[in-house]
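Read off the chains here:
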Amino acid sequence: MFSIFYKHSSTMQISGLLLTAIGVGSALWLISNDVFSPAHPIELQIEANMILVEGGSFEMGSNSASAKKPEGPARNVSVDSFYISKFEVTQAIFESVMGSSLSYFKAPNVPVNNLSWQQANYFIKKLNALSGASYRLPTEAEWEFAAKGGNKSEGYTYSGSNNIDDVSWYAGNSKNQAHPVGQKQPNELGLYDMTGNVGEFVIDAYDVGYYRYGSSDNPRNEQHSDIGLAHKSVRGGSFSYDDNESESYRRDFASQTIIMSDMGLRLVRDK
């Protein structure tokens, strides 16, 4: 006699087949027509650190006098539920998919760094092909909602605290380098390094006036250009940003192709 303990389950329909994903013990399995298929080891490692962010509404952006034009006006935005990794993608995970990285600050548990938006998306494309999963970058709205604590938000200035040293590696304490993930305090959702360490690419293009006309329901300003490469938003500051550049509403940008030593990524997937 034996028992099966289910951690989580979901069902999907693909080409007429009913697929069910369940967690058995510490493993994730796919069941199709009574055939059990174990999930890829990389997917298991990632899923062990995915946190559900329940959908809700929040005030995105800021009307503060210190906010820059692209960071306002503040507006009420709603997002659906999604999963997000509690950690930035480490070099160990990135290199298990890509074989190597160009990280300037090297260590397995340090976030992958020194990469571009295009390289981040190429990694996700290869990860999904390898694992059969559907990971992606977050939208700006998803990222900011999660950084502010989602429905559990306490209204902190930074992600998890009003004292940046509690939650962040930033210009004041980082010695201008990336650090291993998860060493500072998490925010209300259990997410680490949403402020500081490495900046995080998102899906959205960086549009100075988007907050004035963009949708308030799951806004997604994804734009592609094969000729004039769009600038993409990056969020969360980094180890090289000062405290007054690191509030959770702050936005910055980079071109799709530029490689930056203080930029990385965090994975999300739909619920």
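Everything that follows concerns the structure shown earlier in this document.
Below is a summary of the structure that appears in this document. (Residues numbered from 1 in each chain as written. Predicted model: local features only at pLDDT ≥ 70, side-chain atom pairs only at ≥ 80, totals over all residues. Heavy atoms only, no water.)

**Some points on the side chain of Glu140**
Alright, step 1. Examined against the element boundaries, Glu140 turns out to sit in helix α4 (residues 140-147).
Alright, step 2. Polar side-chain contacts of Glu140 include one of 2.8 Å to the side chain of Arg235.
Alright, step 3. Setting aside residues no more than four positions away along its own chain, Glu140 makes contact with Met60, Val202, Asp204, Ala205, Tyr211, Ser233, Arg235 and Arg251. (Helix = DSSP H or I, 4+ residues; strand = E, 2+ residues; numbered from the N terminus. Polar contact = N/O pair within 3.5 Å; in protein donor to acceptor, adjacent residues only side chain to side chain. Contact = heavy atoms within 4.5 Å.)

**Quick notes on helix α3 (residues 117-131)**
Alright, step 1. Its 15 residues give α3 an end-to-end C-alpha distance of 21 Å, which sits within 8% of 21 Å, the value for a rise of 1.5 Å per residue.
Alright, step 2. If you check which residues of α3 are buried, you get Trp117, Ala120, Phe123, Ile124, Leu127, Asn128 and Ser131. End-on, the buried residues of α3 take up no more than an arc of 130 degrees, which puts them together on one face. Exposed residues pointing more than 90 degrees away from the buried face of α3 are listed as Lys125 and Ala129.
Alright, step 3. Each element contacted by the buried residues of α3 is listed here: α1 (41-47), α2 (91-98), β9 (199-205), β10 (231-235) and β11 (251-255).
Alright, step 4. Following α3 by one or two positions, Gly132 adopts a phi angle in the positive range, close to 80 degrees. (Expected span 1.5 Å × (residues − 1). Buried < 20%, exposed > 50% of the residue type's maximum accessible area, 1.4 Å probe, protein only. Arc of directions from axis to C-beta.)

**Details of the sheet that holds β10**
Alright, step 1. As summarised here, the arrangement of the four strands in space is β11-β10-β9-β12, forming an open sheet in which the pairing is mixed. Strands with a single pairing partner mark the edges of an open sheet, and in this sheet they are β11 and β12 (263-264).
Alright, step 2. Here five bridges tie β10 to β11, and the two strands are oriented antiparallel to one another. Paired with Lys232 across the bridge in β11 is Ala254. (Pairing = 2+ DSSP bridges.)

**Examining the packing of aromatic side chains**
Alright, step 1. Under the criterion given, the structure shown has seven aromatic pairs.
Alright, step 2. Considering the side-chain rings of Tyr104 and Phe105, the 4.9 Å spacing of their centres and the 80 degrees angle between planes classify their relative orientation as edge-to-face.
Alright, step 3. Exposure remark for Tyr104: the relative accessible area of 61% places this residue in the exposed category.
Alright, step 4. Between Tyr210 and Tyr213 the ring centres are 5.5 Å apart and the planes differ by 85 degrees, which places this aromatic pair in the edge-to-face class. Linking Tyr210 with Tyr213, this pair stays in helix α6 (residues 210-213), spanning three residues, or about one helical turn.
Alright, step 5. By relative accessible area, which is 53% here, Tyr213 ends up exposed.
Alright, step 6. Members of the aromatic cluster, connected to one another through ring pairs, are Tyr104, Phe105 and Phe239.
Alright, step 7. A cation over an aromatic ring shows up here: Lys184 above the ring of Trp169, its NZ or CZ 4.3 Å from the ring centre.
Alright, step 8. The ring of Trp117 carries the charged tip of Lys232 above its face, separated from the ring centre by 4.4 Å. (Phe/Tyr/Trp six-rings, centres within 6.5 Å; stacked < 30°, edge-to-face > 60°. Lys NZ or Arg CZ within 6 Å of the ring centre and 35° of its normal.)

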